[in-house]
Amino acid sequence: MGKSRLLPLLIYLLLKLITLPPLVVSISNCNGPCRTLNDCNGRLICINGKCNDDPDLGTHICQGTTPSPQPGGCNPSGTLTCKGKSYPTYECSPTVTSSTPAKLTNNDFSQGGDGGGPSECDGKYHSNKIPIVALSTGWYNGGTRCNQMIRVRASNGRSVDAKVVDECDSRHGCDAEHAGQPPCKNNIVDGSDAVWDALGLNKEEGVVDITWSMT
């Protein structure tokens with residue numbers, strides 16, 4: 001291609017680049033989606049993919065706002081601010097099926113443990129050597145599942161039957177009764193050491209995907 005034809009082509013391409021519409025960066029408000037710190041409006045910060053109050057700045061802009069709807073037909077009922085960070089609260093949990101997806105966490109059910117007060121079902125503390133669990137508020141269902149057995153299954157194929165003795169409170173937290181911990185998410189099975197051991201899981205992982213069902 002001769003220089004006489006190449007120069008007009010370069011000019012044309014340059015003009016096309018100049019006239020392209022600028023990329024629009026979406027700025028999110030409270031609980032809106034985000035990827036970087038610059039995706040959030042004002043003094044908000046991106047935490048776990050959502051814009052929230054910045055704990056370092058001590059902002060309380062999102063306090064009292066309703067988080068975005070969640071999949072599974074169970075939407076947050078509000079938020080609770082704990083140590084400068086806002087957490088969604090729930091009255092409900094996902095529908096229970098023959099294989100209900102959940103997050104397994106570890107709880108100390110003994111007196112003085114990180115579980116806070118005694119178990120809701122009987123007002124007592126329990127040994128962590130026994131396979132017992134606390135369920136998120138919706139699954140706890142006002143105590144109707146107290147002392148019932150559920151079957152917890154891990155992805156490694158192992159399972160264990162555990163007794164429901166407590167509620168993993170999805171509505172309240174950040175106080176002495178809850179050992180200063182924030183509200184539980186709405187899909188938690190909070191298991192004793194015995195549950196983790198029976199499933200062959202390392203509780204140092206903190207949170208593990210499992211499924212559960214009524215026995």
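Refer to the structure presented above.
As the structure is a prediction and not an experimental result, all values here were calculated from the model.

Student: I'd like a rundown of the state of the cysteines, residues and numbers included.
Tutor: Under the definition given, this model contains three disulfides. The disulfide that involves Cys74 links it to Cys92, with 2.0 Å between the sulfurs. Looking down the S-S bond of the Cys74 and Cys92 bridge, the torsion is 100°, so its handedness is right-handed. Here Cys74 is found in the loop between β2 (50–53) and β3 (78–82), whereas its partner Cys92 is found in the loop between β4 (85–89) and β5 (100–106), with 18 residues between them in sequence. With a relative accessible area of 2%, Cys74 lands in the buried category.

Student: Account for the nonpolar core, naming residues and giving values.
Tutor: Formed by 21 residues in total, the largest nonpolar core has its most connected members in Leu104, Val133, Leu135, Ile150, Val189 and Leu199. Membership of the second largest hydrophobic core comes to seven residues, among which are Phe109, Cys168, Cys184 and Ile188.

Student: Lay out the environment of Ser98 with the relevant residues and their values.
Tutor: Along the chain, Ser98 turns up in the loop between β4 and β5. Between the C-alpha atom of Ser98 and that of Thr215, which follows or precedes it by 117 residues, the distance is 9.4 Å. In this view, Ser98 contacts Arg153, Trp212 and Ser213; residues no more than four positions away in its chain are not counted.

Student: An account of the sheet that holds strand β9 (residues 188–191) is requested, with residue identities and associated values reported.
Tutor: If you walk around this closed barrel you meet the six strands as β5-β9-β6-β8-β7-β10, and the pairing is mixed. Direction aside, the axes of adjacent strands within the sheet are offset by 45° on average. Taken together, the five bridges between strand β7 (residues 149–154) and strand β8 (residues 159–168) define a ladder with antiparallel strand orientation. Across the sheet, the residue bridging to Met149 is Lys163, located in β8.

Student: Tell me about unusual backbone geometry, residues and numbers included.
Tutor: The backbone of Asn141 sits at a positive phi, close to 55°, despite the residue not being glycine. Note that Asn141 resides in the loop between α2 (137–140) and β7. Owing to a relative accessible area of 42%, Asn141 belongs among the partly exposed residues under this scheme. Positive phi values are uncommon outside glycine, yet Asn147 reaches one of about 65°.

Student: Explain the pattern of salt bridges residue by residue, including any values.
Tutor: Applying the stated criterion across every chain yields a total of six salt bridges. For Arg151, the salt bridge identified is with Asp161, shortest N-O distance 2.7 Å. Here the residue Arg151 occupies a position in strand β7, and Asp161 occupies one in strand β8, the gap between them amounting to ten residues. With a relative accessible area of 31%, Arg151 lands in the partly exposed category. Of the charged contacts in the structure, one is a salt bridge between Asp169 and Arg171, with a shortest N-O distance of 3.9 Å. Note on Asp169: relative accessible area 12%, which makes it buried. Overall, the relative accessible area of 31% leaves Arg171 in the partly exposed class.

Student: If you had to explain the environment of Asn75 to someone new, which residues and values would you point to?
Tutor: Along the polypeptide, Asn75 turns up in the loop between β2 and β3. Of the residues examined, Asn75 reaches a relative accessible area of 41% and is grouped as partly exposed. Separated by 16 residues in sequence, Asn75 and Glu91 have C-alpha atoms that sit 8.5 Å apart.

Student: Explain the side chain of Ser192 to me, using residue names and the numbers behind them.
Tutor: By the element assignment, Ser192 lies in the loop between β9 and α3 (193–198). If we ignore the near neighbours within four places in the chain, the residues touching Ser192 are Asn106, Asn107, Phe109, Asn128, Ile130, Pro131 and Ile132.

Student: Account for the pairing of strand β10 (residues 208–214), with residues named and values stated.
Tutor: As defined by bridge partners, β5 adjoins β10 across five bridges and the pair is classed as antiparallel. Bridge pairing in β10 places Ala102 opposite Ile210. Looking at chain direction, β7 and β10 are connected through five bridges and run antiparallel. The partner of Ala154 across the bridge, within β10, is Ile210.

Calculation criteria
Residue numbers restart at each chain and count upward from 1, following the sequence in its written direction. Selection of residues for local features in this predicted model requires a pLDDT of at least 70, selection of side-chain atom pairs for listing and counting requires 80 or more, and totals for whole chains, interfaces and linings are taken over all residues. Derived side-chain values reflect all non-hydrogen atoms in the structure, with water molecules and hydrogen atoms excluded from consideration. Working definition: a disulfide is two cysteine sulfur atoms within 2.5 Å of each other. A helix here means a DSSP run of H or I that spans at least four residues, while a strand means a run of E at least two residues long, and both kinds are numbered starting from the N terminus. Residue burial is assigned from relative accessible area. The probe radius is 1.4 Å, only protein chains are included, and a residue is buried under 20% of its type maximum, exposed over 50%, and partly exposed in between. To define a nonpolar core, start from buried Ala, Val, Leu, Ile, Met, Phe, Trp, Tyr and Cys residues and group those joined through side-chain atoms within 4.5 Å. The contact definition used throughout considers only heavy atoms, calling two residues in contact when any of these lie within 4.5 Å. DSSP bridges decide pairing: two strands pair if at least two such bridges lie between them. In this description, a line fitted to the C-alpha atoms serves as the axis of each element, helices being fitted only across the stretch in contact, and the angle between N-to-C directions of two axes falls anywhere from 0 to 180 degrees. Here, a salt bridge means any Lys or Arg side-chain nitrogen found within 4 Å of an Asp or Glu carboxyl oxygen.

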